[in-house]
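One-letter residues, chain by chain:
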Amino acid sequence: DESHDGPDEGQQLQVYSGNNRNNPQNAAPIILLVHGGGFARGDLNSFTHLATQFAGLGYIAVNMTYPLAPAASWPSGAQSVAGAVGWIKENAAEIKGNPDNIFVLGASAGGAHVADFVFRPGVVGGESPEVAGVILSSPVLVVNSENPPQSSYFGEDADAWQGMQTLGNIERTSIPVLTMVAEFDPDQFKTSTAQLLNELLVDKGVNTRISQMRGHNHISYLEAIGTSDTQAL
């Protein structure tokens with residue numbers, strides 16, 4: 001495994017080399033993993049089990065961190081995701097990956113950062129590279145007073161929140177998206193997932209995929225990856 005530091009001390013990447021068993025002659029697919037943690041917690045250890053699992057399946061797995069609230073604010077998370085994707089594309093040959101076959105998985109608060117990256121390139125600033133596909137795992141798609149910890153990242157000005165949230169502000173629809181939500185997720189995650197489906201299908205005319213993880217809560221289905229429960233993987 002290799003670790004790489006970004007321009008901010010909160011931006012780090014850790015690369016897990018895959019074993020491309022399907023076709024060892026070609027570059028491996030790459031998956032970038034973006035942890036959650038209420039915008040204020042999480043590190044490279046958050047998704048170690050996911051990185052190990054994907055590497056074992058033949059992916060080049062890349063764990064990333066991003067600057068945390070309250071020191072960091074919107075849209076720094078999306079900018080960190082875009083920066084990580086850019087680094088992966090530039091260094092794909094060195095890490096033995098395919099720059100045209102990059103996937104990004106973001107969970108919870110990390111899902112908010114990935115959602116901004118994929119749907120709102122205008123807030124990223126600079127280049128927001130295309131990827132082969134994105135997985136949003138119980139993402140934060142709305143900003144409201146029902147989730148007070150969000151204010152540490154989105155700020156205290158409630159009048160500005162609607163312009164910061166993903167829903168109602170989708171710009172780019174060219175990247176395939178799978179949204180996962182748990183049967184026992186808090187209601188706001190299930191509601192916003194349904195609203196995302198409606199916005200993409202009805203308002204944008206774009207096909208998308210949604211999967212409900214039966215019997216799981218907000219955290220448990222990603223923790224179950226690599227176990228006998230094969231719903232998520």
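What comes next concerns the included structure.

Criteria and thresholds
Residues numbered from 1 in each chain as written. Predicted model: local features only at pLDDT ≥ 70, side-chain atom pairs only at ≥ 80, totals over all residues. Heavy atoms only, no water. Core = buried A, V, L, I, M, F, W, Y, C linked by side-chain atoms within 4.5 Å. Buried < 20%, exposed > 50% of the residue type's maximum accessible area, 1.4 Å probe, protein only. Helix = DSSP H or I, 4+ residues; strand = E, 2+ residues; numbered from the N terminus. Contact = heavy atoms within 4.5 Å. Expected span 1.5 Å × (residues − 1). Lys, Arg positive; Asp, Glu negative; His and termini not counted. Salt bridge = Lys/Arg side-chain N within 4 Å of Asp/Glu carboxyl O.

**Regarding the nonpolar core**
Counting 49 residues, the largest nonpolar core has L32, V81, V104, F119 and V134 as the members making the most contacts within it. Ranked by residue count, the leading element in this core is helix α3 (residues 109-119), at seven residues. Once residues within four sequence positions are removed from consideration, V81 is found in contact with L32, V34, M64, V104, H113, V114 and F117.

**Description of helix α7 (residues 187-203)**
Given a rise of 1.5 Å per residue, 17 residues ought to cover 24 Å, and the 23 Å separating the end C-alpha atoms of α7 matches this to within 8%. Looking at the buried residues of α7, the elements they touch are α3, β6 (133-137), β7 (177-182) and β8 (209-213). Note on α7: the residue one or two positions beyond its end, G205, has a positive phi of about 65°.

**Quick notes on the side chain of D116**
Topologically, D116 is positioned in helix α3. R120 provides the closest opposite charge to the buried, salt-bridge-free D116, at an N-O distance of 4.3 Å. Sequence-distant contacts of D116, defined by excluding residues within four places in its chain, comprise W74, A78, P121, V123, V124, M164 and T166.

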